2 protein chains.
Amino acid sequence: MKQGSEDVFEKVMDLAKRRGFIWPTSECYGAVAGFIDYGPLGAMMKRRVENIWRHFYVLQEGYYEIECPTIAQEAVFIASGHVAGFADKMCQCPHCKEFLRADHVADGGGVKNPSVMQNEELSLELASCRCLACEEILGKVEVFQFNLMFSTTIGPGSQRTGYLRPETAQGMFVDFTRLLRFYRDKLPFGAVQIGKSYRNEISPRQGMIRLREFTQAEAEIFVHPSCKNSHPMFRRYADYTMPLLTYVRQEQCEPPVSMSMREAVEKGIIANEYVAYYVALTHQLLVQTGIKPDRLRFRQHLPEERAHYATDCWDAEVFSGRFGWVETVGIADRTDYDLRAHGDASGTPMTVFIQYDEPKKVPRRRIIPNMSVLGRQYRTKAKAIFTALESATPGPSGVCVEVDGEKIQIPPDLFEIRDEIVDVRGEDIVPHVIEPSYGIDRMCYAVLEQAYDEDTADGETRIVMRLLPQIAPVQVAVLPLMARDDMDLIAGEITRTLHKSGILAEYDDSGAIGRRYRRQDEIGTPFAITVDYETRENNSVTLRERDTMKQVRIPITKLPETVGALLTGNIMFSSLVH
Amino acid sequence: MKQGSEDVFEKVMDLAKRRGFIWPTSECYGAVAGFIDYGPLGAMMKRRVENIWRHFYVLQEGYYEIECPTIAQEAVFIASGHVAGFADKMCQCPHCKEFLRADHVADGGGVKNPSVMQNEELSLELASCRCLACEEILGKVEVFQFNLMFSTTIGPGSQRTGYLRPETAQGMFVDFTRLLRFYRDKLPFGAVQIGKSYRNEISPRQGMIRLREFTQAEAEIFVHPSCKNSHPMFRRYADYTMPLLTYVRQEQCEPPVSMSMREAVEKGIIANEYVAYYVALTHQLLVQTGIKPDRLRFRQHLPEERAHYATDCWDAEVFSGRFGWVETVGIADRTDYDLRAHGDASGTPMTVFIQYDEPKKVPRRRIIPNMSVLGRQYRTKAKAIFTALESATPGPSGVCVEVDGEKIQIPPDLFEIRDEIVDVRGEDIVPHVIEPSYGIDRMCYAVLEQAYDEDTADGETRIVMRLLPQIAPVQVAVLPLMARDDMDLIAGEITRTLHKSGILAEYDDSGAIGRRYRRQDEIGTPFAITVDYETRENNSVTLRERDTMKQVRIPITKLPETVGALLTGNIMFSSLVH
């Protein structure tokens with residue numbers, strides 16, 4: 001029975017808990033909503049997902065990873081707008097005292113567009129809605145803002161407020177000038193971060209989908225504003241074709257339309273080559289982690305949904321039988337909003353000096369004060385007047401300058417106007433930022449949900465996680481047919497040899513061989529090596545593929561190389577079957 | 001000029017900042033003490049250090065990694081003792097208002113053993129000490145406790161106090177029962193975690209050595225208490241020999257003594273095989289990251305220095321020209337302290353059922369009450385008396401039981417004493433924990449400090465970071481002699497081919513070739529490929545080794561394999577030189 005788009009949430013989470021993928025956190029003290037533990041298999045799988053991400057962004061794209069603290073000082077989030085604006089509307093049920101997200105309650109009550117309402121308006125609408133926890137009609141409730149950042153204090157004596165970062169992005173913006181120097185003052189360049197981010201969600205109820213502590217992988221790509229339509233490697237994805245759910249088609253209730261990235265850019269559907277490039281790269285990356293193309297779509301933000309500073313934004317959404325289409329990656333053109341905000345707030349200009357191909361001749365008017373007369377006439381104020389004159393615009397009757405709050409009229413005979421042509425070598429520009437932002441936990445959940453399958457083996461239902469070999473936590477099982485007659489020793493030796501090649505092999509000798517295969521199938525181990533009586537005769541073992549359950553015999557000496565190549569996808573198992 | 005143990009702190013940190021290893025965090029807003037950013041090269045190097053750690057603990061030892069949240073609920077840290085006891089003594093300078101660690105001030109003032117003093121006693125001693133910030137004599141100051149955990153609130157309405165974990169260890173203790181099931185109820189097993197931990201230090205002043213947010217790599221190995229002296233793989237390190245600074249030798253002011261792990265265990269110098277095994281493994285691991293054996297020592301905790309529950313503890317200390325001997329790894333036998341604490345506090349027994357080889361015959365005395373008489377005589381209290389009798393110890397005149405606060409004397413004729421022999425299949429035991437705990441940031445600092453070197457190249461001083469190939473952030477530079485005549489195109493192609501093999505190659509075509517070599521030497525890039533005019537004739541390039549500056553010519557087609565083998569240490573560069 002192949003699982004389609006039905007809801008396998010309960011089955012997957014049961015397996016994930018039972019076998020050590022995902023656990024409720026500090027369960028023995030009562031788990032806390034919005035936090036999870038990655039168990040032994042989950043943490044391994046998550047790391048493999050992150051490493052695929054790194055392969056794309058760090059190796060292929062050449063964007064170095066940096067690592068900023070998860071706690072940052074308040075100034076960073078004042079500038080970014082998070083202190084003032086990173087809040088959800090909240091209300092409290094008067095009956096069960098549960099805190100609720102006001103927009104979720106309103107959604108449940110069929111209220112249209114609650115997210116654009118003011119607090120008072122929303123409060124009126126909520127009166128007739130039911131509490132999401134106790135299901136009573138709410139009645140009169142107050143709606144208020146709740147800031148989603150976790151706050152803390154840095155140092156003793158309440159010296160300094162700090163926040164747990166709500167996104168990894170800000171660290172890269174704040175480091176802009178250092179990054180620019182690292183990349184030797186040349187655009188475009190990028191920096192990436194994989195790490196924890198934190199949002200103090202009001203009432204998280206969706207397992208791995210809405211977490212208070214989660215892992216993001218974000219890339220910030222700094223581009224010259226007038227070069228956004230010429231990504232140097234655009235040809236790599238120009239012909240990459242996929243269904244796009246544009247905002248126009250959403251408004252017209254039309255299904256996605258399939259087109260190449262080149263076409264999407266040319267038709268103005270995707271804002272520029274940079275956004276299109278990362279839309280396509282994201283598609284390729286998600287599919288490589290095991291997300292099926294038919295459960296993946298790219299949806300453009302509606303104009304009213306977009307952040308005010310963004311010019312275009314696309315979400316990669318993955319279909320879940322339980323949660324519907326889940327936003328998993330966002331790819332946005334954030335323009336110069338972030339660098340301007342931090343440049344202004346910190347007083348450190350976040351600009352790049354762009355040299356012209358040839359210096360430009362630019363006319364400039366200079367005002368040359370007559371210092372000796374000025375000095376005699378204005379004495380101590382002469383220097384301030386001198387400075388003020390430099391940027392003044394004189395009229396026929398001279399110029400009025402302001403010095404220490406006093407307005408002083410300087411007659412035209414006290415200065416000379418000189419018109420010059422000067423060489424300007426270049427200009428300071430504020431780069432634009434293209435940001436692909438990935439939710440690693442949501443990717444992991446999608447991979448788990450889509451890998452879950454049941455089929456039949458030996459006349460019984462078999463649960464099998466069809467994880468790709470690149471993602472599976474245990475890469476190969478090593479099973480002695482019996483734990484005796486040297487078979488256990490040989491299997492132990494094979495395990496250690498594989499470890500030395502960096503392959504995660506798991507030795508297991510307990511129980512019937514069929515039961516051991518089932519155990520490995522259930523955690524998605526793609527291959528199993530069995531040491532049997534024939535092994536002692538000719539030093540060969542069987543190699544079994546999880547999905548087809550087919551087996552081939554190969555020499556022990558070829559194991560590291562063959563298993564390694566199967567895991568990277570350099571060879572396919574079918575090519576080994578004669 | 002080879003750098004010895006002199007203080008190169010300023011030089012290393014200057015290079016680290018300038019070239020993108022380590023940056024002050026959110027510098028444009030004024031850096032915050034105790035936090036650092038890993039820049040592009042630093043983050044890459046740190047990840048390579050972590051991966052070496054994983055190779056030892058996850059692959060070799062077979063201890064799976066898990067990932068718990070960095071925020072945990074208060075109950076966890078009440079049980080662990082951190083809420084009550086994880087504090088430093090603090091005072092505030094009355095002159096400059098700076099908060100200071102009281103023990104550090106006292107140390108500076110020559111006070112003996114300030115760490116064992118009570119607050120009042122320490123306060124008196126501090127009166128004549130100088131402030132570490134403004135250097136005034138303190139005078140009368142109050143000493144108080146400052147808890148080092150960062151606290152925050154989970155959810156709206158101040159619902160729940162949470163703390164940023166001060167160590168990763170607690171997550172693994174709290175998950176004990178799930179881990180036990182994952183490892184199919186068999187001891188020994190281990191779990192590891194690499195991740196952020198947080199300590200709200202009072203006044204951190206030591207760069208990367210004392211951070212408020214830092215990365216730990218911890219392993220918790222759960223062992224049967226009576227098997228601590230039989231590590232199943234002890235033979236791996238039994239003959240591993242290194243200098244040990246035992247507590248006895250410290251008390252006698254003697255230098256370390258060199259011995260094998262077997263000898264250290266046999267002589268009772270190291271408490272057991274488990275501790276000795278991880279002491280040796282740690283030595284091997286640190287040396288593999290590039291820490292020099294002659295700047296590394298293992299120091300045993302003095303009895304008064306040890307945590308009250310630990311039976312033995314060894315610190316790996318690395319010598320720094322600036323900071324002296326720095327504790328970098330701790331290896332402790334924590335006994336059953338942690339599992340008992342969480343078992344008691346949570347009500348979840350953290351035990352393992354150990355089955356005897358054969359059931360044991362155990363004598364048991366049972367008390368069988370005469371229910372009909374008891375019922376008639378005591379009515380509603382009969383049931384409670386019945387229960388109380390089961391665990392009572394009767395004397396010749398019967399037994400006194402307490403029911404609802406009332407003492408009742410039960411005469412011997414109301415019960416029968418029966419002595420039985422029962423089969424006991426096994427027992428529940430609380431495992432002991434062996435914990436190797438690594439400070440990743442301190443390892444990174446030590447690696448940077450020890451890699452820093454200066455020598456002479458082309459008659460000029462050359463700064464060279466002698467990072468091991470396994471650790472160097474950029475693994476190979478690809479340099480076209482000139483950025484023309486196809487040399488740039490060939491070099492670009494080589495770079496992409498190397499990326500596909502997972503090798504971090506950096507293309508650089510700007511500036512004279514000598515200057516480019518210097519740039520790569522300074523960031524520790526171990527190898528450089530140069531594409532020159534000969535390349536176009538015979539498809540060969542030069543391969544240069546950083547340390548010797550020697551070059552060999554090899555065919556382009558052999559690059560991925562050769563560079564890959566050089567990076568893993570499978571071949572040495574000298575074997576390529578004819």
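See above for the structure.
Definitions and cut-offs
- Residues numbered from 1 in each chain as written.
- Chains lettered and ligands numbered in written order.
- Predicted model: local features only at pLDDT ≥ 70, side-chain atom pairs only at ≥ 80, totals over all residues.
- Heavy atoms only, no water.
- Contact = heavy atoms within 4.5 Å.
- Buried area = accessible area lost by both parts, 1.4 Å probe.
- Salt bridge = Lys/Arg side-chain N within 4 Å of Asp/Glu carboxyl O.
- Polar contact = N/O pair within 3.5 Å; in protein donor to acceptor, adjacent residues only side chain to side chain.
- Pairing = 2+ DSSP bridges.
- Helix = DSSP H or I, 4+ residues; strand = E, 2+ residues; numbered from the N terminus.
- Axes fitted to C-alpha atoms, helices over the stretch in contact; angles between N-to-C directions.
- Disulfide = S-S within 2.5 Å.
- Least-squares fit on C-alpha atoms with pLDDT ≥ 70 in both.

Enquirer: Explain the interface of chain A and chain B to me, please; I cannot follow it from the model alone.
Expert: The extent of an interface is frequently quoted as the accessible surface area lost upon association of the parts. Taken residue by residue, the interface counts 85 residues in chain A and 85 residues in chain B. Roughly 7000 Å² is buried in total at the junction of chain A and chain B, and carbon and sulfur atoms are behind 58% of that figure. Together, A:Tyr29, A:Glu67 and A:Arg178 form the three largest contributors to the area buried by chain A at its contact with chain B, with a combined 12%. On inspection of chain A and its partner chain B, the count reaches ten salt bridges. With its nearest N and O atoms 2.8 Å apart, the salt bridge here joins A:Arg178 to B:Glu27. Counting the contacts that link chain A with chain B gives 35 residue pairs in polar contact (both at pLDDT 80 or more).

Enquirer: So what exactly am I meant to see when it comes to the sheet that holds strand 26 (residues 527-531) of chain A here?
Expert: To summarise the sheet geometry, strands pair through backbone hydrogen bonds and adopt either a parallel or an antiparallel arrangement. All names here are of chain A. Spatial ordering of the open sheet is given by 25-24-26-27-28, a layout of five strands whose pairing is mixed. Either end of the sheet is taken by a strand with one partner, and the two such strands are strand 25 (505-507) and strand 28 (551-555). The sheet shows a mean angle of 25° between the axes of neighbouring strands, taken without regard to direction. Strand direction decides the pairing type here: strand 26 and strand 27 (residues 540-545), joined by four bridges, are antiparallel. Within strand 27, the position partnered with isoleucine 529 by the bridge is leucine 543. Sitting on the sheet, helix 17 (residues 513-522) touches strand 24 (476-480), strand 25, strand 26, strand 27 and strand 28, and the angle it makes with strand 24 is about 170°.

Enquirer: Looking at this model, I keep getting lost on the environment of B:Tyr356. Mind explaining?
Expert: Residue and element names in this part refer to chain B. With respect to the secondary-structure elements, tyrosine 356 resides in strand 17 (residues 352-369). With 52 residues separating them along the chain, tyrosine 356 and isoleucine 408 place their C-alpha atoms 40 Å apart. When near neighbours in sequence (up to four residues on either side) are disregarded, tyrosine 356 contacts Val424, Arg425, Gly426 and Glu427.

Enquirer: What is the right way to look at the state of the cysteines in this model?
Expert: Joining two cysteines, a disulfide is a covalent bond between their sulfur atoms. In the structure shown here, the tally under the stated rule is zero disulfides over all chains. There is no disulfide at A:Cys28, and the cysteine sulfur nearest it, in B:Cys68, is 11 Å away.

Enquirer: Please explain the relation of the copies chain A and chain B as it appears in this structure.
Expert: The two chain copies are related to each other by a rotation about an axis together with a translation along it. Relative to chain B, chain A is turned by 179° and slid 0.2 Å along the rotation axis, the superposed coordinates differing by an RMSD of 0.7 Å. Here the copies are linked by what is in effect a two-fold axis. Residue A:Thr152, judged by its C-alpha, is the member of chain A lying nearest the rotation axis, at 2.7 Å. Interface overlap between copies is the fraction of interface residues in one copy that are interface residues in the other; for chain A against chain B it reaches 100%, indicating a shared surface.

Enquirer: How should the sheet that holds strand 21 (residues 432-439) of chain A be read in this particular structure?
Expert: All names here are of chain A. Strand order across the open sheet formed by nine strands is 3-10-11-21-16-15-14-12-13, with mixed pairing between neighbours. Among the strands making up the open sheet, the edge pair consists of strand 3 (64-65) and strand 13 (257-260). The pairing of strand 12 (residues 241-245) with strand 14 (residues 296-300) spans two bridges and is classified as parallel. For leucine 245, the partnering residue across the bridge sits in strand 14 and is arginine 299.

Enquirer: Help me understand the side chain of B:Thr562 in this model?
Expert: By the element assignment, B:Thr562 lies in helix 19 (residues 559-568). The residues contacting B:Thr562, other than those within four sequence positions of it, are B:Leu543, B:Ile554, B:Ile571 and B:Leu576.

Purely spatial values, then, with no claim about function.
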